[in-house]
Amino acid sequence: MGITTVGIIGAGTMGNGIAQACAVSGIKVVMVDISEAAVAKGIATVSGSLDRLIKKEKITADDKAAAMARIQGSTSYDDLKGAQLVIEAATENYDLKVKILKQLDALLAPEVLVASNTSSISITKLAAVTTRSDKFIGMHFFNPVPMMALVEIIRGLQTSDATHAAVHAMATALGKTPITVKNAPGFVVNRILVPMINEAFFVLAEGLATPEDIDAGMKLGCNQPIGPLALADMVGLDVCLAVMEVYLSEFGDSKYRACPLLKEMVAAGRLGRKTGQGVYTY
């Protein structure tokens, strides 16, 4: 299946980032959100992002104009009917995603593929609420989408080979490097990354080094662009804690226990950049 038009549910950070990546690559986009204001904000974000690329001489003004012309904003799911693939990029909430997927299922033609940009919810479980479970797949983009090369393509138990092949080809057409992952909590990247962040909190709690030295050690010793504690502040300490608790619940393995210091900081409301204080003060 050739994918020439992509529908996107959600005009927030991930949704508008996916929209930009598609539009720049020549794919038409219909980006849907619940309000005109949300849609307008998403389109404005794409415009601003493309302006920065013009300043860096990565694209021309004509390139921007062509990309923006490929993005249609809407508050109506009916406008998604011309898409060959619809990507759900709504808030990371199971009940909300199920509501959206059921609406899409009733509206879209049987051959239309549906993907979720979830970073934690089971693709097999989400696929099961649709009547097109063989055409359902996970596409986990990374933030900021226009800059990050990786897309995790997650196969649910029901996902067909044809669906995987079509979505893999589409991700490649976006200039991304897709990796194929079986459905499991955290998939691949977050399964490795978040326990590493949690371990950094254990190291901090044990007083082995200062936050600055822990982060410097991982940056200079492991060639990471950002240290794990600074990254936790960026992601949100509450998000890191929630992910660890999911792993502990799903796997039942004590190696996924959350660090008590991480729990304590979340309880204190020190969630990172979004609250102005986490491991570091902003």
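Each remark here, short or long, concerns the structure printed above.
Residues numbered from 1 in each chain as written. Predicted model: local features only at pLDDT ≥ 70, side-chain atom pairs only at ≥ 80, totals over all residues. Heavy atoms only, no water.

## A short note on the packing of helix H2 (residues 36-55) against helix H3 (residues 61-69)
Here's step 1: One can describe the packing of H2 onto H3 by two numbers: an axis separation of 10 Å at closest approach and a directional angle of 160 degrees. In this view, H2 runs roughly antiparallel relative to H3, as classed from their interaxial angle. The two elements H2 and H3 cross, and the hand of that crossing is right-handed. For the pair H2 and H3, contact is made by Ile43, Val46, Ser47, Leu50, Asp51 and Ile54 and by Ala61, Lys64, Ala67 and Met68, respectively.
Here's step 2: Partitioning the contact of H2 with H3 into residue classes produces 7 nonpolar, 1 polar and 2 charged. (Axes fitted to C-alpha atoms, helices over the stretch in contact; angles between N-to-C directions. Helix = DSSP H or I, 4+ residues; strand = E, 2+ residues; numbered from the N terminus. Parallel < 35°, antiparallel > 145°, perpendicular 65-115°, else oblique. Left-handed = near helix turned anticlockwise from the far one by under 90°. Contact = heavy atoms within 4.5 Å. Nonpolar A, V, L, I, M, F, W, Y, C, P; charged D, E, K, R; others polar.)

## Description of the sheet that holds strand E7 (residues 150-155)
Here's step 1: Pairing is mixed in the open sheet, where 8 strands are placed in the order E3-E2-E1-E4-E5-E6-E7-E8. In this open sheet, the two edge strands, each paired with only one partner strand, are strand E3 (71-74) and strand E8 (177-182). When strand polarity is set aside, the average angle formed by the axes of neighbouring strands in this sheet is 25 degrees.
Here's step 2: By the bridge criterion, 6 bridges tie E7 to E8 in an arrangement that is parallel. The residue bridging Glu152 from the neighbouring strand is Ile179, located in E8. (Pairing = 2+ DSSP bridges.)

## Thoughts on helix H11 (residues 260-267)
Since the α-helix advances by 3.6 residues per turn, residues separated by three or four positions end up pointing in the same direction.
Here's step 1: For H11, the full list of buried residues reads Leu262, Met265 and Val266. All buried residues of H11 project into a common sector of 100 degrees when viewed along the axis, lining one side. Exposed residues lying more than 90 degrees from the buried face of H11 are Pro260, Glu264 and Ala267.
Here's step 2: The elements touched by buried residues of H11 are helix H7 (189-205) and helix H10 (237-251).
Here's step 3: Positioned one or two residues after H11, Gly269 has a phi angle of 80 degrees, which is positive. (Buried < 20%, exposed > 50% of the residue type's maximum accessible area, 1.4 Å probe, protein only. Arc of directions from axis to C-beta.)

## Some remarks on the pattern of salt bridges
Here's step 1: In the structure shown here, the tally under the stated rule is 7 salt bridges.
Here's step 2: Put simply, Asp238 and Lys274 hold a salt bridge, and the shortest N to O gap is 2.9 Å. Of this pair, Asp238 sits in helix H10 while Lys274 is found in the segment after H11, placing the two residues 36 residues apart along the sequence.
Here's step 3: Put simply, Glu88, Glu92 and Lys97 are held in one network by salt bridges that share partners. (Salt bridge = Lys/Arg side-chain N within 4 Å of Asp/Glu carboxyl O.)

## A look at the side chain of Asn190
Here's step 1: Checked against the element boundaries, Asn190 lands in helix H7.
Here's step 2: On the basis of relative accessibility, which here comes to 15%, the residue Asn190 falls in the buried class.
Here's step 3: Residues in contact with Asn190, not counting those within four places in the same chain, are Ser119, His140, Pro195 and Tyr247.

## Remarks on the packing of H7 against H11
Here's step 1: At a closest axis distance of 8 Å, the pairing of H7 and H11 adopts a crossing angle of 95 degrees. On the basis of the axis angle, H7 is roughly perpendicular to H11. On H11, the residues that touch Asn198, Phe201, Phe202, Leu204 and Ala205 of H7 are Pro260, Leu261, Leu262 and Met265.
Here's step 2: Across the contact of H7 with H11, the residue classes break down as 8 nonpolar, 1 polar and no charged.

## As for the nonpolar core
Here's step 1: Val6, Leu85, Ile87, Met139, Phe141 and Met170 are the most contacted members of the largest nonpolar core, which totals 35 residues.
Here's step 2: Here this core takes 6 residues from helix H1 (residues 13-24), the largest share from any one element.
Here's step 3: Those residues in contact with Met170 that sit more than four places away from it in its chain are Ile3, Val6, Cys22, Ile27, Leu85, Ile87 and Met139.
Here's step 4: In this structure, Phe201, Ile214, Ala258 and Leu271 belong to the second largest nonpolar core, which totals 26 residues. (Core = buried A, V, L, I, M, F, W, Y, C linked by side-chain atoms within 4.5 Å.)

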